[in-house]
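# Commentary on secondary and tertiary structure
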Amino acid sequence: MLTKKDISQKRLAKSIILTTALCLLPFVSFSQCAMCRASLESEGNKARVEAVNDGIVLLMAVPYIIVGLIGFAIYRMYFKKKGVTS
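Residues numbered from 1 in each chain as written. Predicted model: local features only at pLDDT ≥ 70, side-chain atom pairs only at ≥ 80, totals over all residues. Heavy atoms only, no water.

## Notes on the overall build of the protein
Of the regular secondary structure elements, the protein holds three helices and zero strands. Listed by position from the N terminus, the elements making up the protein come as α-α-α. Here the protein holds 86 residues, and the buried ones make up 5% of them. Summed over its atoms, the accessible surface of the protein is roughly 7,500 Å², and 71% of this surface lies on carbon and sulfur atoms. (Helix = DSSP H or I, 4+ residues; strand = E, 2+ residues; numbered from the N terminus. Buried < 20%, exposed > 50% of the residue type's maximum accessible area, 1.4 Å probe, protein only. Areas by Shrake-Rupley, 256 points an atom, 1.4 Å probe, with all protein chains shown as cover.)

## Quick notes on the confidence of the model for the protein
Of all residues in the protein, 77% have pLDDT values of 70 or greater, and the mean over the chain is 77. At the low end of the mean pLDDT range in the protein sits helix α2 (residues 34-43), at 70; at the high end sits helix α3 (residues 46-85), at 83. (pLDDT = per-residue confidence, 0-100.)

## Side note on the packing of aromatic side chains
This model, assessed by the stated rule, comprises two aromatic pairs. Centre to centre, the rings of Tyr78 and Phe79 are 5.1 Å apart; their planes meet at 80 degrees, and the pair counts as edge-to-face. Taken together, the aromatic side chains of Tyr75, Tyr78 and Phe79 make up a single cluster linked through ring pairs. (Phe/Tyr/Trp six-rings, centres within 6.5 Å; stacked < 30°, edge-to-face > 60°.)

## Describing the environment of Gly71
Inspection of the secondary structure assignment puts Gly71 in helix α3. With 55 residues separating them in the primary sequence, Gly71 and Ile16 have C-alpha atoms 9.9 Å apart.

What follows is the structure in structure tokens.
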């Protein structure tokens, strides 16, 4: 039989997984600064503009992934430690 504590832990885990999944969804992003955009668009090379956009998005996503992995590791250690003492 599930206790209130078990239900709340499962709800917390589902919330964390859902939040992480939503944060990691690929979004179309045009995250160039104005100077980069102006210099790249003046050349007329669309492939280069898209490559710079993709690079900026990749550089932006990596810190969020690292923070998420660290948070997940802390979460796992917390509940593993809690389970041993119970």
